[in-house]
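Reading the structure
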There are 2 protein chains.
Amino acid sequence: MTTTTNKLTQHRYYLSEEELPKRWYNLAVDLPYDIEPHLHPKEDRVAEEADFDWLWPTECLKIELLKGHYATDSWIDVPEPVLAAYARFRPSPLVRARGLEEYLDTPHRIFYKREDLNPGGSHKFNTALAQAYYAAQDGVETLVTDTGAGQWGTALALACATFGLKLKVFMVRKSFDEKPYRRNLMRMLGAEVISSPSTMTSTGRGVLERDPNSPGSLGIGMAEAVELVRTDPTHRLALGCMSYYAALHQTVIGLETQAQLAQAGVSADVLVGCVGGGSNFTGFVAPFVTGDDVPLCIAAEPSSVPTLTKGEFRYDWADYERQTPRIPMYTLGSDFVPPPIHSGGLRYHGKTPILSSLVKNGLVTPRSFDQQDVFEAGRLFLRTEGVLPAPESSHAILAAIKEVRNTPAGDRPKNIAICLSGHGYLDLQGYADVLDLG
Amino acid sequence: MTTTTNKLTQHRYYLSEEELPKRWYNLAVDLPYDIEPHLHPKEDRVAEEADFDWLWPTECLKIELLKGHYATDSWIDVPEPVLAAYARFRPSPLVRARGLEEYLDTPHRIFYKREDLNPGGSHKFNTALAQAYYAAQDGVETLVTDTGAGQWGTALALACATFGLKLKVFMVRKSFDEKPYRRNLMRMLGAEVISSPSTMTSTGRGVLERDPNSPGSLGIGMAEAVELVRTDPTHRLALGCMSYYAALHQTVIGLETQAQLAQAGVSADVLVGCVGGGSNFTGFVAPFVTGDDVPLCIAAEPSSVPTLTKGEFRYDWADYERQTPRIPMYTLGSDFVPPPIHSGGLRYHGKTPILSSLVKNGLVTPRSFDQQDVFEAGRLFLRTEGVLPAPESSHAILAAIKEVRNTPAGDRPKNIAICLSGHGYLDLQGYADVLDLG
């Protein structure tokens, strides 16, 4: 038996703590095409740092606008305190989905990267730590953010606890009402959690006036967060997705996956992830898309929020109140209020510019999936792998299953890697509703 | 820097898949004292296999009554299909609690064994797999069980899915009503979940007649399960705790912990676990209590269910209806209905005979803790380690914290290992109630 074969019999691929990536991969500077710049929200010009120094922590703003060494360097050192915090939970394991493979009776190999094991239960902690650290460096007292399913708010609350910051979270009302567990978890971590639309901002009051029963959206939540930051100089904004900096920080996922697939003795043929704003997906595929042999990269989105599969590529605002830069992206329109599906993290009108550019340039293939099928795939994964995926992640699982089923028999075995972006323990009400568990 | 020092700087200790224990440790035969036998429920004689062949899978019964090689062999081979199933998720990591240590500002080292990462979210899967396998070998169609918090029912549902069995779960009514997520999770896995006391058995009907609002108890649930098995020859009983076989299967936890502490270059001074029936705790400490240098083994129980700290050691029934063997143990009486605390898994009147014997013979030290303090300890662990423990496990965390705080300054650094028996994601309502999160 060769070494390679031996390694393929393993179930889990761990990296040692020394193998934790010490640099993020700055994909933007290595792309074979130019990325269009962010524009001022109202004026007809490129956005500058001075336009938004009230909004973002300094370093996040630099990354977002590709200023300084972010304009030129492919590799960005992870700051030492963030690296120390990463080392407490990373590298995360890559696992071979043998139960699912057996169920599918397939020669193809399915791997999944376990970002659900991170503190907070999702990939979000990777960027939350960095953002909280940069804010603390600036002397910021309070971070403000929005959250959908609550994964981002939970991760940021933990990160704020780590670096000594206060946190205010505007939580999309539908999730606030339906996911009391997640709300309680954020409060347990010391965060102030506010149902959005709220009466705390003029944005929220406006929405409620027009529709007192508004279920909210990430766009509205972000607009409320931006308004609050504008009125208090001790506050700054944190974003779980829809920013280049979040995607940059998530490249630890892709870098580790690359090393772990090498450890297994294989190279990726297919990479699959779910897309809300697009940060976990972009970080997952980043190290793979600038190589010679680019895998098929499938971005899985809900058919009810078909940003990449049916949206338009144009400049649009990330927030409902049009206070943030206009960014070049696939969008359903910044006034799009998505239907109240159970994958709160995917209810967003746009996709981050870096991901949109990858799709526009053919490096990433978007596909959309129906909610019922997605939740069935989540149940199948639970039964075969013993792991309950977040509904968001179940989109990626379904995409992988379809890829296996649609591959002609006799094709050589493919190596398929899924980014399991989060766990679904706090989404069981959604599973119960969709799967009719009573 | 020596190798040992290097290893102590690690955060996580993994074993390779080859290092997965291939044998369970049959502690009962190595103890320096005799364990009193199980007695017939009603007759004045020792229980025999023929008395209970309708109740248990054959192999479980043999283990329980220490028949055949279980009477003589210290090591029991894990059956190949169970070992293969273990390899899908074990060995579990041992983690250094650096965040908690920093918060406590202590020179003592705290480690925790992550049984919360198992499929099903707790240690229960270790024995569920073995029991389902043995039942399938006997040609059993349906397993029947009781569950408190739902961790056991979830694990058994997964195990039944693995080995092709049906499952009926009597879930203690208080948990059934307060933990819909856990109930839904079991249903998602294909189990039939019944609120106990139920109208399905004469036991349940009797309880409801006397008290229509009975919150239920593990004793009542087990009696219902036993009654159902008695009336259907295709059914057999599965027990998550209160059996020697469950404790035997859980020795994988202790065996791995022993190897991981050796990897870290230390030996255990203190071992801490929570006790419901006692299986995870017994499996955790088993390989340590027959050595030359027995660590301080602390069994943490709720002060409202003080079986080990205030109960009486005598023969008693494990079930409310007195159909199972009389067993020698610490007990609060088989008719004890515990107060409706939020640690459902610890609401049990007795402790398994093997653990009771360890306490009676001074090898294990029981301590009891108040609910409010326990939940505060769980919150502290979440904030410092990023891991949300089950309330049951938070008893062990609190015990470890108190051990650190009560050790005189200047004592040499102790190595303290906690068995983190399960996660608390489905217990957030309990945390919200006790911690008043609104």
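In this text, all values refer to a predicted model and were calculated from it rather than measured experimentally.

Residues spaced three or four apart along an α-helix point in a common direction, a consequence of the helix completing one turn every 3.6 residues. Residue and element names in this part refer to chain B. Where burial is concerned, most of helix α15 (residues 353-360) is hidden: seven out of the eight residues are buried. Taken as a whole, α15 has its buried residues at P353, I354, L355, S356, S357, L358 and V359. Against α11 (244-249), α13 (279-289), α14 (307-310), β12 (312-317), β13 (326-331) and β14 (365-369) lie the buried residues of α15. Trailing α15 by a residue or two, G362 shows a phi angle of about 80°, which is positive.

Residue and element names in this part refer to chain B. Here helix α16 (residues 371-385) crosses helix α17 (residues 391-406) at 85°, and the two axes come no closer than 8 Å. With respect to α17, the element α16 is oriented roughly perpendicular. Residues D373, V374, F375, A377, G378, L380 and F381 of α16 lie in contact with α17, whose contacting residues are P391, S394, H395, I397, L398 and I401. Looking at side-chain class alone, the contact of α16 with α17 contains nine nonpolar, three polar and one charged residues.

Moving on to the relation of the copies chain A and chain B. Once turned by 180° and shifted 0.0 Å along the axis, chain A lies on chain B with an RMSD of 0.0 Å. Both copies of the chain, as the preceding transformation shows, are related through a two-fold rotation axis. Proximity to the rotation axis, assessed at the C-alpha, singles out Y425(A) in chain A; its C-alpha lies 3.2 Å from the axis. Of all interface residues in chain A, 100% are interface residues in chain B too; the two copies therefore contact each other through one and the same surface.

Glancing now at the pairing of strand β11 (residues 296-302) of chain A. Residue and element names in this part refer to chain A. Taken across its seven residues, β11 has six buried, putting it largely inside the fold. One ladder, built from five bridges, connects strand β10 (residues 270-274) with β11; its direction is parallel. Bridge pairing links V270 to L296 in β11. For the segment spanning β10, helix α13 (residues 279-289) and β11, crossover handedness is right-handed.

About the thresholds
Residues numbered from 1 in each chain as written. Chains lettered and ligands numbered in written order. Predicted model: local features only at pLDDT ≥ 70, side-chain atom pairs only at ≥ 80, totals over all residues. Heavy atoms only, no water. Buried < 20%, exposed > 50% of the residue type's maximum accessible area, 1.4 Å probe, protein only. Helix = DSSP H or I, 4+ residues; strand = E, 2+ residues; numbered from the N terminus. Contact = heavy atoms within 4.5 Å. Axes fitted to C-alpha atoms, helices over the stretch in contact; angles between N-to-C directions. Parallel < 35°, antiparallel > 145°, perpendicular 65-115°, else oblique. Nonpolar A, V, L, I, M, F, W, Y, C, P; charged D, E, K, R; others polar. Least-squares fit on C-alpha atoms with pLDDT ≥ 70 in both. Pairing = 2+ DSSP bridges. Right-handed = clockwise from strand over helix to strand, strands pointing away.

This is a description of form; function is not addressed.
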